[in-house]
Amino acid sequence: MVKLLIGEKGTGKTKKLIDCVNAALEASNGHVVCVEKDDLLRYQISYKVRLLAASNYGIENADAFYGFLSGLCAGDHDITDILVDATLKITGRDYEVVAEFLKKVANLSKLTGTDFTFTVSTEKSNLPASIFECCEEIC
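Residues numbered from 1 in each chain as written. Predicted model: local features only at pLDDT ≥ 70, side-chain atom pairs only at ≥ 80, totals over all residues. Heavy atoms only, no water.

1. Focus: the overall build of the protein chain
Put simply, the rule reads: Helix and strand assignments come from DSSP, with helices taken as H or I runs of at least 4 residues and strands as E runs of at least 2, each series counted from the N terminus. For the radius of gyration, the atom set is restricted to C-alpha positions; the globular benchmark scales as 2.2 Å times the number of residues to the power 0.38. Residue burial is assigned from relative accessible area. The probe radius is 1.4 Å, only protein chains are included, and a residue is buried under 20% of its type maximum, exposed over 50%, and partly exposed in between.
Secondary structure assignment for the protein chain yields five helices and six strands. Order of helices (α) and strands (β) in the protein chain, N terminus to C terminus: β-α-β-β-α-β-α-α-β-α-β. For the protein chain, whose C-alpha radius of gyration is 14 Å, the value lies close to the compact-globule estimate of 14 Å for 139 residues. If you line up the protein chain on its principal axes, its C-alpha atoms span 35 × 30 × 30 Å. Looking at the protein chain as a whole, 47% of its 139 residues are labelled buried.

See below:
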């Protein structure tokens, strides 16, 4: 399953994501991973969650990010949840590219049984309708 936290900058998406991370950690019988653009959430996320900064791995576009997420799933079959902050800072702001990226992630989710949650800093009306065919918006 792919879930999206959508809203403009400053609307509390990161705080909601941290709450989702904590809920996933409580419910998980495996591993929980949190990915962010830079290393900013270190003191807000439990030490039990694997926290990764995409910038440390040279990830700067949607294709590289999809490969990174696929590699995480392939390398650790016990990952139950991957939560991502600042998605558009990692993938870029081309919403059609983001839509294709999220379709691929939805297929990866089905293949691996991993749940994904992404924060997306924009108005919902800016996103292509095709995104909501494979993703669920959460408040």
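Read on, since the account is not over.
2. Remarks on the sheet that holds strand E6 (residues 136-137)
Strand pairing within a sheet occurs via backbone hydrogen bonds; the two strands may be parallel or antiparallel. What counts is decided by this rule: Two strands make a pair as long as DSSP finds a minimum of two bridges between them. Note on contacts: a residue pair is in contact if any heavy atoms of the two residues lie within 4.5 Å. Helix axes are fitted only over the stretch in contact, all axes being lines through C-alpha atoms; the angle between N-to-C directions runs from 0 to 180 degrees.
Strand order in this open sheet of six strands is E3-E2-E4-E5-E1-E6, and the pairing throughout is parallel. Among the strands making up the open sheet, the edge pair consists of strand E3 (50-53) and E6. When strand E1 (residues 2-6) meets strand E5 (residues 115-120), the two strands line up parallel, connected through five bridges. Directly across from Lys3, in E5, lies its bridge partner Thr117. Sheet strands touched by helix H1 (residues 13-27): E1, strand E2 (31-36), strand E4 (79-84) and E5. Its angle to E4, the strand with the most contacts, is close to 170 degrees. In the packing of helix H4 (residues 95-112) onto the sheet, contacts are made with E1 and E5, and the angle to E5 comes to roughly 160 degrees.

3. A closer look at the nonpolar core
Note the cut-off: We define a nonpolar core as any set of buried Ala, Val, Leu, Ile, Met, Phe, Trp, Tyr and Cys residues linked to one another through side-chain atoms lying within 4.5 Å.
Val35, Phe65, Leu69, Ile82 and Phe118 are the most contacted members of the largest nonpolar core, which has 33 residues in total. Of all the elements in the fold, those that place two or more residues in this core are E1, E2, helix H2 (62-75), E4, helix H3 (87-91), H4 and E5. When near neighbours in sequence (up to four residues on either side) are disregarded, Ile82 contacts Val33, Val35, Leu69, Leu72, Cys73, Thr114, Asp115, Phe116 and Thr117. Counting 12 residues, the second-largest nonpolar core is a separate cluster that includes Ala24, Val32, Leu41 and Val49.

4. A word on the pattern of salt bridges
The condition is simple: Should a side-chain nitrogen of Lys or Arg be within 4 Å of a carboxyl oxygen of Asp or Glu, the pair is scored as a salt bridge.
In this structure the tally under the stated criterion is five salt bridges. We note a salt bridge from Arg42 to Asp39, for which the minimum N-O separation is 2.1 Å. Residue Asp39 is classed as partly exposed on the basis of its relative accessible area, which comes to 35%. We note a salt bridge from Lys104 to Asp63, for which the minimum N-O separation is 3.5 Å. A residue pair is termed long-range when its members are at least 10 positions apart, and Lys104 in helix H4 and Asp63 in helix H2 qualify at 41 residues. On the basis of relative accessibility, which here comes to 34%, the residue Lys104 falls in the partly exposed class. Among the residues examined, Asp63 registers a relative accessible area of 57% and is labelled exposed.

5. Notes on the packing of aromatic side chains
To keep things clear, this is the line we draw: Any two of the Phe, Tyr and Trp rings considered here, Trp counted by its six-membered ring, make a pair once their centres fall within 6.5 Å; the pair's planes then place it as stacked at under 30 degrees, edge-to-face at over 60, or tilted in between. Remark: a charge is flagged as sitting over a ring if the NZ atom of Lys or the CZ atom of Arg is within 6 Å of the ring centre and within 35 degrees of the ring normal.
Using the criterion set out here, one finds four aromatic pairs in the structure. With a centroid separation of 5.2 Å and 40 degrees between ring planes, the pair formed by Tyr57 and Phe68 is classed as tilted. Remark: Phe68 occurs in helix H2 and Tyr57 occurs in the loop between E3 and H2; sequence separation between them is 11 residues. Consider the rings of Phe65 and Phe101, whose centres lie 5.5 Å apart with planes at 15 degrees: the pair is stacked. Here Phe65 is found in helix H2, whereas its partner Phe101 is found in helix H4, with 36 residues between them in sequence. Each member of the pair Phe65 and Phe101 is classed as buried. Grouping aromatic residues by their ring pairs yields a cluster made of Phe65, Phe101, Phe116 and Phe118. One residue, Lys104, lies across the ring of Tyr66, its end atom 5.1 Å from the ring centre. Lying over the aromatic face of Phe132, Lys124 brings its terminal NZ or CZ to 5.0 Å of the ring centre.

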